[in-house]
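For reference, the chains in residue letters:
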Amino acid sequence: MNPLRLVSDVVLRAVESVGLFRNANVSEELVHGLQDLSIRFTRERNTLTEIYLDQPHLLTAYLHYYLPVNLAKIHAVLREIPPFRESGDDPNVLNVLDVGAGPGTASLAVQEWLESTGQSIPRLTVTAVDRSRKALALAFMLWKAVTRERCWTGAALHTYRVDVARLAEVQRLTAREGGPFDLIVIANLLNECFSGDRDPVGRRLKIVAHLLSVLDDEGSLLIIEPALREPTRALHQLRDRLVEQGLATIYSPCLHDAPCPALSHPDDWCHEERPWQAPPQVAELDRAVGFMKDALKFSYAVLRKDGKTIVPRASDLVRIVSEPRPFKGELRMFGCGESGRRDFGRLEKERSDSNAVWDECQRGTIVRIEGSQRKDRATLERIQSKGIVEIVRSI
């Protein structure tokens with residue numbers, strides 16, 4: 001699969017227009033800020049309780065590196081959801097809530113999604129909330145630059161300083177702004193909330209439950225988290241509680257509403273990996289810092305209230321949830337579906353016209369498998385030469 005170009009030149013020019021990045025000059029301060037952010041996001045996660053984006057060197061580093069990276073992740077997931085609301089009082093209005101907006105990453109991703117899919121919406125209104133005043137100020141500047149170049153006269157961004165970890169503040173904001181919202185995005189935020197609490201998942205559940213209450217009946221609520229083990233397992237636990245309490249159904253990535261199989265073993269977690277075409281700015285910073293963003297890694301869940309799913313539920317469908325694993329003349333991959341998490345393999349000598357597309361599957365591919373067999377007490381299911389493998393949805 002060819003890497004996707006998920007960040008447009010319009011957005012990259014907007015970042016340049018605020019005067020914080022010059023492609024020819026990666027400063028020592030920028031590299032230091034990026035290294036500092038990386039450590040906070042991985043090894044020193046306790047520091048994320050601070051309003052770190054109020055620190056100029058961290059906000060600058062986020063803008064030039066993590067904004068395009070995280071924008072691309074959100075855009076990749078938005079490509080999976082149904083088109084905006086096509087019924088209701090005014091289908092020509094799209095009302096979006098960006099929770100934990102930072103410098104408007106998800107807000108800009110919505111624009112990228114609408115532009116790339118050709119969805120014509122006369123009026124787009126985004127409500128962006130964050131606890132950092134400096135980040136919200138930059139979000140407004142970037143929004144103005146992008147909408148001006150695109151001539152989107154009907155697009156409006158409203159920013160509000162809100163501490164999302166305080167449920168009362170979120171409730172006051174949504175009461176004031178009304179709704180319902182057609183799309184709610186919570187990107188890389190929940191893992192930073194309540195990390196020291198006795199029941200962090202329970203506290204996050206209350207926030208998400210309230211946001212679901214202001215989601216349109218035909219809307220989508222998108223949660224994106226880092227692909228690290230603990231934040232992702234916490235997302236799996238949140239997903240299970242939401243489904244168990246009947247607050248939402250899973251549109252994607254899951255092909256079932258049963259408890260997450262990844263939670264049955266303490267070392268397992270389920271995340272995504274998507275190929276992408278990194279912007280030159282990101283590639284240059286990768287070289288300067290020693291990173292490698294040749295693929296986008298994240299975990300996510302898209303929640304709905306109308307029961308829609310990315311593909312119709314079926315017992316023979318699985319989503320590939322691992323990297324392809326070549327092994328002694330055999331290609332193995334884990335798939336997850338209504339029957340749980342299963343290990344599939346196809347010997348090269350069993351390759352046939354009916355199962356040849358097994359070679360094209362990758363993490364995130366939704367596939368129909370018929371004719372796999374498992375020996376007694378074995379965990380591996382082998383796809384036979386007469387078996388059928390059909391790609392239902394590529395990433």
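No experiment lies behind these values; they were computed from the predicted model shown.

Draft legend 1. Region of the structure containing the state of the cysteines. This structure, assessed with the given rule, holds zero disulfides. The cysteine C361 is free of any disulfide, with C336 supplying the nearest cysteine sulfur at 15 Å. Its relative accessible area of 4% is what places C361 among the buried residues.

Draft legend 2. Broad picture of unusual backbone geometry. The omega torsion across S252 and P253 is 5°, close enough to zero to call that bond cis. Here P253 lies in the loop between β6 (249-252) and β7 (272-275). For C151, which is not glycine, the phi dihedral falls at a positive 60°. Note that C151 resides in the loop between α5 (133-150) and β3 (155-161). By relative accessible area, which is 59% here, C151 ends up exposed. Although it is not a glycine, F194 adopts a positive phi angle of roughly 65°. Looking at the secondary structure, you find F194 in the loop between β4 (181-187) and α7 (200-213). Relative accessible area serves as the criterion here: at 14%, F194 is assigned to the buried category.

Draft legend 3. Representation of the packing of aromatic side chains within the structure. For the structure shown, the criterion picks out six aromatic pairs. Taking the centre distance of 6.2 Å and the plane angle of 25° together, the rings of Y62 and Y66 count as stacked. In this pair, Y62 and Y66 both sit in helix α3 (residues 56-78), four residues apart, roughly one turn of the helix. The class for Y62 is buried, based on a relative accessible area of 10%. Judged by relative accessible area, which is 9%, Y66 ranks as buried. Ring centres 5.1 Å apart and planes at 80° place the aromatic pair Y65 and Y66 in the edge-to-face group. One aromatic cluster in this structure is built from F41, Y62, Y65, Y66 and F291. Just above the ring of F334 sits the side chain of R341; from NZ or CZ to the centre is 4.1 Å.

The rules behind the values
- Residues numbered from 1 in each chain as written.
- Predicted model: local features only at pLDDT ≥ 70, side-chain atom pairs only at ≥ 80, totals over all residues.
- Heavy atoms only, no water.
- Disulfide = S-S within 2.5 Å.
- Buried < 20%, exposed > 50% of the residue type's maximum accessible area, 1.4 Å probe, protein only.
- Helix = DSSP H or I, 4+ residues; strand = E, 2+ residues; numbered from the N terminus.
- Phe/Tyr/Trp six-rings, centres within 6.5 Å; stacked < 30°, edge-to-face > 60°.
- Lys NZ or Arg CZ within 6 Å of the ring centre and 35° of its normal.

Shape is all these values report; function is a separate question.
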